[in-house]
Amino acid sequence: MLLTGARGTQETLLIRVRGSTMPAAYAVELEIIDGPRVSGLARLDQSALLALPDPDAYGLALGQSLFADPTLAQFVGEALAVVRAGGQLLRVRLDLDPVPAALSEIAWERLYAPVGAQWQPLALLGDTPFARLIPVQPGADHNPPPTVHCGSCLASLHHQICRRLGLIRLIRLTALLLNHCSIAPDVP
């Protein structure tokens, strides 16, 4: 068993993805902060991912590629099972190597993970808050992206989307929008 579930109300799973010397292959390390860690190799074919028009198919293919190594899949599955059994959260933090540009172009918010006998969207599960770590170079000028005022946009679309897509799709769409813009008060 990876965790005891006795350390508090949450655990943190750090997913590190680093470039390797082999083409389209990446070193993956999964670590429970202050706990166990495993590593493996993943092959990510960005062109194959981009060919998938459905976000769910994209996320499933991404997850099955990232967690293709049985050690990685088992680690994630066990971590989710233990924290859920203890009523905890599993904070997921994604740390990407900035050197292979292809990694930053992948829609990681769509990532699926093995949950029991099925695959589910990791970023959209209520007990797995998901964050992508963005490295900031020390001493470099840091210009944050412009703030996008999308609060009223989300609210005005809520009624139409809820009727057409249903609640699950609304939650997924909202999560995708929130990952791509920062929420700020609307300016009149």
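Here the structure is a predicted model, which means the values were calculated and not measured.

Colleague: Let's hear about the packing of aromatic side chains: which residues, and what values?
Modeller: Pairs of aromatic rings are described using the distance from one ring centre to the other and the angle between the two planes. Counted according to the given criterion, the structure contains zero aromatic pairs. Positioned over the ring face of Tyr 58 is Arg 110, at 4.9 Å from the centre of the ring.

Colleague: Explain the sheet that holds strand β3 (residues 37-43) to me, and be specific about the residues and the numbers.
Modeller: Within the open sheet, the five strands sit side by side as β3-β2-β1-β4-β7. Their pairing is mixed. Of all the strands in the sheet, just β3 and β7 (130-133) have a single pairing partner and so form its edges. Mean inter-strand twist for the sheet, computed between neighbouring axes without regard to direction, equals 20°. Across eight bridges, strand β1 (residues 10-19) lies against strand β4 (residues 89-96) in parallel orientation. Bridging from a neighbouring strand, Ile 15 pairs with Leu 94 of β4. Packed onto the sheet, helix α2 (residues 55-66) meets β1, β2 (25-32) and β3 and runs at close to 120° relative to β3. Running over the sheet, helix α3 (residues 70-85) touches β1, β2, β3 and β4 and is turned about 25° from β2.

Colleague: Outline α2, supporting the account with residue identities and numerical values.
Modeller: Counting along an α-helix, one turn takes 3.6 residues, and residues three or four places apart therefore face a common direction. For α2, spanning 12 residues, the distance from its first C-alpha to its last is 16 Å, which sits close to the expected 16 Å at 1.5 Å a residue. Within α2, the full set of buried residues consists of Asp 56, Tyr 58, Gly 59, Leu 62, Gly 63 and Leu 66. Relative to the axis of α2, the buried residues are bounded by an arc of 160° and lie together on one face.

Colleague: Help me get a handle on the nonpolar core, residues and values and all.
Modeller: Ile 15, Val 17, Leu 30, Leu 66, Phe 67, Trp 108 and Leu 122 are the most contacted members of the largest nonpolar core, which has 37 residues in total. Looking at this core, the elements with two or more residues in it are β1, β2, β3, α2, α3, β4 and β5 (112-115). In terms of residue count, the dominant contributor to this core is α3 (seven residues). Once residues within four sequence positions are removed from consideration, Leu 66 is found in contact with Ile 15, Val 17, Val 28, Ala 42, Leu 44, Leu 72, Trp 108 and Leu 111.

Colleague: Kindly report on the environment of Val 83, identifying the contributing residues and their values.
Modeller: Along the chain, the position of Val 83 falls in helix α3. Considering only alpha carbons, one finds Val 83 and Asp 127, 44 residues apart in sequence, at a separation of 8.7 Å.

Colleague: Quick rundown of the pattern of salt bridges? Include the residues and the values.
Modeller: In the structure shown here, the tally under the stated rule is six salt bridges. For the salt bridge of Arg 18 with Asp 95, the shortest nitrogen-to-oxygen distance reads 2.8 Å. Taken together, the positions of Arg 18 in strand β1 and Asp 95 in strand β4 put the pair 77 residues apart, joining distant regions of the chain. On the accessibility criterion, Asp 95 (18% relative accessible area) is buried. Here Asp 127 makes a salt bridge to Arg 84, at a shortest N to O gap of 2.6 Å. You can see Asp 127 sitting in the loop between β6 (118-121) and β7 and its partner Arg 84 sitting in helix α3, a full 43 residues away along the chain.

Rules behind the numbers
Per chain, residues are indexed from 1 in the order of the written sequence. Totals for whole chains, interfaces and linings use all residues, but because this is a predicted model, local features are given only for residues with pLDDT of at least 70 and pairs of side-chain atoms are given and counted only at 80 or more. In computing side-chain properties, one takes all heavy atoms of the structure into account and sets aside hydrogens as well as water. Ring geometry is summarised as follows: Phe, Tyr and Trp rings, the Trp one being its six-membered ring, pair when their centres sit within 6.5 Å, and such pairs are stacked at plane angles under 30 degrees, edge-to-face over 60 and tilted between the two. Over a ring means this: the NZ of a Lys or the CZ of an Arg is within 6 Å of the ring centre and within 35 degrees of the ring normal. By this definition, two strands are paired if DSSP reports at least two bridges between them. Helix and strand assignments follow DSSP, with helices taken as H or I runs no shorter than four residues and strands as E runs no shorter than two, numbered in order from the N terminus. Here the axes come from fitting lines to C-alpha atoms, over the contacting stretch only for helices, and the angles between their N-to-C directions go from 0 to 180 degrees. Pairs of residues are marked as contacts when any of their non-hydrogen atoms sit within 4.5 Å. Expected span of a helix: the number of residues minus one, times 1.5 Å. Whether a residue is buried, partly exposed or exposed follows from its accessible area with a 1.4 Å probe, protein chains only, as a fraction of its type maximum: under 20%, in between, or over 50%, in that order. The directions considered for the arc run from the helix axis to the C-beta atoms. In plain words, nonpolar cores are sets of buried Ala, Val, Leu, Ile, Met, Phe, Trp, Tyr and Cys residues tied together by side-chain atoms within 4.5 Å. When a carboxyl oxygen of Asp or Glu is within 4 Å of a side-chain nitrogen of Lys or Arg, the pair counts as a salt bridge.

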